Amino acid sequence: DAGITQSPRHKVTETGTPVTLRCHQTENHRYMYWYRQDPGHGLRLIHYSYGVKDTDKGEVSDGYSVSRSKTEDFLLTLESATSSQTSVYFCAISEGTGVSTDTQYFGPGTRLTVL
Amino acid sequence: AQSVTQLGSHVSVSEGALVLLRCNYSSSVPPYLFWYVQYPNQGLQLLLKYTSAATLVKGINGFEAEFKKSETSFHLTKPSAHMSDAAEYFCAVSPSGGGADGLTFGKGTHLIIQP
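Residues numbered from 1 in each chain as written. Chains lettered and ligands numbered in written order. Predicted model: local features only at pLDDT ≥ 70, side-chain atom pairs only at ≥ 80, totals over all residues. Heavy atoms only, no water.

With that settled, the discussion passes to the sheet that holds strand β1 (residues 3-7) of chain B. All names here are of chain B. Pairing is antiparallel across the open sheet formed by five strands, whose spatial order is β1-β3-β8-β7-β6. Either end of the sheet is taken by a strand with one partner, and the two such strands are β1 and β6 (56-58). In this sheet, adjacent strand axes meet at a mean angle of 20 degrees when their direction is disregarded. As defined by bridge partners, strand β3 (residues 19-26) adjoins strand β8 (residues 73-78) across four bridges and the pair is classed as antiparallel. If you follow leucine 20 over to β8, its bridge partner there is threonine 77. (Pairing = 2+ DSSP bridges. Helix = DSSP H or I, 4+ residues; strand = E, 2+ residues; numbered from the N terminus. Axes fitted to C-alpha atoms, helices over the stretch in contact; angles between N-to-C directions.)

As a further point, take the state of the cysteines. Scanning all chains against the criterion turns up two disulfides over all chains. Paired by a disulfide, A:Cys23 and A:Cys91 hold their sulfur atoms 1.9 Å apart. Across the disulfide from A:Cys23 to A:Cys91, rotation about the S-S bond amounts to roughly -70 degrees, and the bridge is consequently left-handed. Taken together, the residues span a long stretch of sequence, with A:Cys23 in strand β3 (residues 19-25) and A:Cys91 in strand β9 (residues 87-94) at a distance of 68 residues. Judged by relative accessible area, A:Cys91 falls into the buried class, the value being 0%. Here B:Cys23 is linked by a disulfide to B:Cys91, with a sulfur-sulfur distance of 2.0 Å. Judged by the sign of its S-S torsion, about -65 degrees, the bond between B:Cys23 and B:Cys91 is left-handed. Residue B:Cys23 is located in strand β3, and its partner B:Cys91 is located in strand β9 (residues 87-94); the two are separated by 68 residues in the primary sequence. (Disulfide = S-S within 2.5 Å. Buried < 20%, exposed > 50% of the residue type's maximum accessible area, 1.4 Å probe, protein only.)

Attention now goes to the interface of chain B and chain A. One frequently used descriptor of interface size is the decrease in accessible area upon assembly of the parts. Contact residues are listed per partner, giving 21 residues for chain B and 25 residues for chain A. Carbon and sulfur atoms make up 54% of the area that chain B and chain A hide from each other, which totals about 1600 Å². Where chain B packs against chain A, one counts zero salt bridges. Across the chain B-chain A interface, the total number found is four residue pairs in polar contact (both at pLDDT 80 or more). Of all the secondary structure elements, the ones that give two or more residues to the side of chain B that touches chain A are β4 (32-38) and β5 (44-50) of chain B. Partitioning the side of chain B that touches chain A into residue classes produces eight nonpolar, 10 polar and three charged. (Contact = heavy atoms within 4.5 Å. Buried area = accessible area lost by both parts, 1.4 Å probe. Salt bridge = Lys/Arg side-chain N within 4 Å of Asp/Glu carboxyl O. Polar contact = N/O pair within 3.5 Å; in protein donor to acceptor, adjacent residues only side chain to side chain. Nonpolar A, V, L, I, M, F, W, Y, C, P; charged D, E, K, R; others polar.)

Right, let's talk about unusual backbone geometry for a bit. The amide bond that connects A:Ser7 to the next residue, A:Pro8, takes the cis arrangement and shows omega of -10 degrees. For A:Pro8, the location among the structural elements is in the loop between β1 (4-7) and β2 (10-13). In the Ramachandran plot, B:Asn61 falls in the positive-phi region, its phi being about 60 degrees despite a non-glycine side chain. In this structure, B:Asn61 sits in the loop between β6 and β7 (64-68). For B:Asn61, a relative accessible area of 41% translates into the label partly exposed. With a phi angle near 45 degrees, B:Thr72 is a residue other than glycine that sits in the positive phi range. Take B:Thr72: it is sitting in the loop between β7 and β8.

If you walk through the whole model with that rule in mind, you get 18 aromatic pairs over all chains. Taking the centre distance of 6.2 Å and the plane angle of 25 degrees together, the rings of A:Tyr31 and A:Tyr33 count as stacked. Between the aromatic rings of B:Phe63 and B:Tyr89, the centroid separation amounts to 5.5 Å while the plane-to-plane angle is 45 degrees, which identifies the pairing as tilted. Residue B:Phe63 is located in the loop between β6 and β7, and its partner B:Tyr89 is located in strand β9; the two are separated by 26 residues in the primary sequence. Members of the aromatic cluster, connected to one another through ring pairs, are A:Tyr31, A:Tyr33, A:Tyr35, A:Tyr48, A:Tyr50, A:Phe106, B:Phe34, B:Tyr36, B:Phe90 and B:Phe105. (Phe/Tyr/Trp six-rings, centres within 6.5 Å; stacked < 30°, edge-to-face > 60°.)

Right under this line is the structure:
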């Protein structure tokens, strides 16, 4: 398994509070991603990073911000959590070479509940 | 822009029967296509990927998929279902080989294996 950890694995918080989720990799891969998984929607890309301090928005980026100060860590922040952000969040990594040998590997996920 | 349609949110087959999970895609460029499997309370694991090298792709656990450009399809099959195949299956598309700019997922198909 790819060396990807996510913390916390479970979190319950209240509406309006800030929340930060962490993704940590030991593979030294260039690309890191945050997805959210919701029933009936599959996985949707929130933000991704193509290097330290280089990030871009995905399909559902509103209400989320990210930071990457080190190759191994990618943080997802909900500045003011809302109930619509209750979801399972997955981090993924890839070498980002853009060739056929590249693959995205997924972490174990973080289940976030916003009350 | 890319999109993926998975026909059937739930598919039920008997143990030992053929498994067929359907995936149709839309892509403005020649696509890279992926099938991932998710077991309960786990992250996603890559089953197989199409990278234009061969239209019939063999993956792990006895699964395979065939790329049909004329039908814009990438259906997943397994000749004989096993109880351990019960899981959620996701088809995904990317314009780049490793999804450096993120994967677009279908909504998923829950595979149920009847004893």
